[in-house]
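Okay, here's what each chain looks like letter by letter:
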Amino acid sequence: MVKVLFVCLGNICRSPMAEAIFRKKVVEAGMEKSFVIDSAGTGDWHIGKRPHDGTLKILKDNKVDSTNMLARQVKKEDLKQFDYIIAMDAENLGNLNKMKGKDSAAEVRRLLDYIPEAKIVDVPDPYFTGNFEEVYELVEEACNELLTYIRKKQSL
Ligand code: 4NP
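The following paragraphs examine the structure supplied in this document. (Residues numbered from 1 in each chain as written. Predicted model: local features only at pLDDT ≥ 70, side-chain atom pairs only at ≥ 80, totals over all residues. Heavy atoms only, no water.)

Regarding helix H2 (residues 53-61)
Here comes step 1: Within the sequence span of H2, burial applies to Gly 54, Thr 55, Ile 58 and Leu 59. Buried residues of H2 fall within an arc of 130° about the axis and therefore sit on the same side. The exposed set on the far side of H2, more than 90 degrees from its buried face, consists of Asp 53, Lys 57 and Lys 60. (Buried < 20%, exposed > 50% of the residue type's maximum accessible area, 1.4 Å probe, protein only. Helix = DSSP H or I, 4+ residues; strand = E, 2+ residues; numbered from the N terminus. Arc of directions from axis to C-beta.)

A short note on the sheet that holds strand E2 (residues 35-41)
Here comes step 1: One open sheet holds the four strands; their spatial order is E2-E1-E3-E4, and the pairing between them is parallel. Of all the strands in the sheet, the pair left with one neighbour each is E2 and strand E4 (107-110). Strand-to-strand, the axes of this sheet are offset by a mean angle of 20°, without reference to chain direction.
Here comes step 2: By the bridge criterion, four bridges tie strand E3 (residues 84-87) to E4 in an arrangement that is parallel. Counted as the bridge partner of Ile 86 is Arg 109 from E4.
Here comes step 3: Lying on the sheet, helix H1 (residues 14-28) is in contact with strand E1 (2-8) and E2; it crosses E2 at an angle near 170°.
Here comes step 4: Contacts from helix H6 (residues 132-154) reach E1, E2, E3 and E4 within the one sheet, and its direction differs from that of E3 by about 160°. (Pairing = 2+ DSSP bridges. Axes fitted to C-alpha atoms, helices over the stretch in contact; angles between N-to-C directions. Contact = heavy atoms within 4.5 Å.)

Here's the deal with the nonpolar core
Here comes step 1: Formed by 38 residues in total, the largest nonpolar core has its most connected members in Val 4, Phe 6, Phe 22, Phe 35 and Leu 111.
Here comes step 2: When residues of this core are traced back to their parent elements, those giving at least two are E1, H1, E2, H2, E3 and H6.
Here comes step 3: The greatest single-element share of this core, amounting to ten residues, is contributed by H6.
Here comes step 4: Phe 22 has contacts with Val 4, Phe 6, Phe 35, Ile 37, Cys 143, Leu 146, Leu 147 and Ile 150, leaving out every residue within four places of it along the chain.
Here comes step 5: With twelve residues, the next largest nonpolar core counts Leu 79, Ile 85, Leu 93 and Leu 96 among its residues. (Core = buried A, V, L, I, M, F, W, Y, C linked by side-chain atoms within 4.5 Å.)

Thoughts on the packing of aromatic side chains
Here comes step 1: On inspection of all chains with the given rule, the structure shows four aromatic pairs.
Here comes step 2: For the pair Phe 22 and Phe 35, a centre-to-centre distance of 5.9 Å together with 75° between the ring planes defines the contact as edge-to-face. Linking Phe 22 in helix H1 with Phe 35 in strand E2, this pair joins segments that are 13 residues apart in sequence. Taken individually, Phe 22 and Phe 35 each receive the classification buried, so the pair is uniform in this respect.
Here comes step 3: Ring geometry for Tyr 114 and Tyr 149: centres 5.1 Å apart, planes at 70°, overall edge-to-face. (Phe/Tyr/Trp six-rings, centres within 6.5 Å; stacked < 30°, edge-to-face > 60°.)

Put into structure tokens, the structure is as follows:
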């Protein structure tokens, strides 16, 4: 099993969007039995909450399933359990690297690092910008690249 965890700040806007989009791509590739896909936030404000209405709407508009997703906070154990821990921005990445112990073999990188020659490195936070469309486009493109990358690396 390849375990992939998407991480943002609140786990209500960007990382649940990435989780849902990536899951759809894995299902479309017929590979859902080979993956565990989850998301979490570095902050604790929204634990137990459903994704933001803006994320739910853009997912629905694009026919991406968002059932059963509830916010949770990232924990130290996640760094040991997951193989790929995908941060949305530099702040998330910094916090994850602080949590990462020597016993973690996870690949911890930013999502947009998987896009060759990406124009920006951080996924903008739509909680503050209100622009969920821009984020959807970026996350969609990056998830394609991420899945291709993982399949190659894991020989899947
Ligand atoms: P996210 O967006 O990290 O993409 O889920 C945010 C959601 C909530 C907050 C910040 C960012 N907040 O400060 O409550």
